[in-house]
Amino acid sequence: MSEFEHAPLRPSWLCVVDGKPWPCDLALARMAGEDRYSRAIFMSMMLDQAAQDMPTATPAELFERFVAPTRATPIPIGGGGR
Ligand SMILES: [Zn+2]
């Protein structure tokens, strides 16, 4: 996952491109093209770092922000969907 321009700016966790709370819509759209397991692992790492930067955020808030959106992203099934 290199060249990921819609990256979070720490410790504010706002997108460096559009200034929206990260992950922004475009970050999520970009991630939708990634393998679902890579995406989940990546977001788990982001969540861990965000938890350190935002000690007042509850686990539920962090889950809703970082993990839930990746689960809601439609995952193509099979290889014939293009
Ligand atoms: Zn962005």
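From a predicted model like this one, the values you see are computed outputs, not experimental measurements. (Residues numbered from 1 in each chain as written. Predicted model: local features only at pLDDT ≥ 70, side-chain atom pairs only at ≥ 80, totals over all residues.)

Draft legend 1. The overall build of the chain, seen in detail. Assigned secondary structure in the chain consists of 3 helices and 2 strands. The linear arrangement of helices and strands in the chain, starting from the amino end, is β-β-α-α-α. A total of 82 residues make up the chain; the buried ones form 13% of that total. In the chain, once contacts between residues fewer than 6 apart in sequence are set aside, the share between residues at least 24 apart is 43%. (Helix = DSSP H or I, 4+ residues; strand = E, 2+ residues; numbered from the N terminus. Buried ≥ 20, exposed ≤ 12 C-beta atoms within 10 Å, placed from the backbone. Contact = placed C-beta atoms within 7 Å.)

Draft legend 2. Molecular detail of the confidence of the model for the chain. Summary statistics for the chain give a mean pLDDT of 85 and a share of 82% for residues scoring 70 or more. Looking across the chain, the model is least confident in helix 3 (residues 59-72), with a mean pLDDT of 86, and most confident in strand 2 (residues 14-15), with 96. (pLDDT = per-residue confidence, 0-100.)

Draft legend 3. Here's a closer look at the environment of methionine 43. Relative to the helices and strands, methionine 43 is located in helix 2 (residues 36-53). In the structure, methionine 43 is positioned 25 residues away from alanine 68 in sequence and 10.0 Å away in space, judged by C-alpha atoms. Excluding anything up to four places from it in sequence, methionine 43 contacts Phe66, Val67 and Thr70.

Draft legend 4. Here's a closer look at unusual backbone geometry. Of note, the bond from arginine 10 into proline 11 is cis; its omega dihedral lies within 30 degrees of zero at 5°. Cis geometry marks the peptide bond from tryptophan 22 to proline 23; its omega dihedral reads 0°. Checked against the element boundaries, proline 23 lands in the loop between strand 2 and helix 1 (25-31). The backbone of tryptophan 13 shows a phi angle near 60°, a positive value even though the residue is not glycine. Counting through the fold element by element, tryptophan 13 comes out in the loop between strand 1 (8-9) and strand 2. Note on tryptophan 13: 18 C-beta atoms within 10 Å, which makes it partly exposed.

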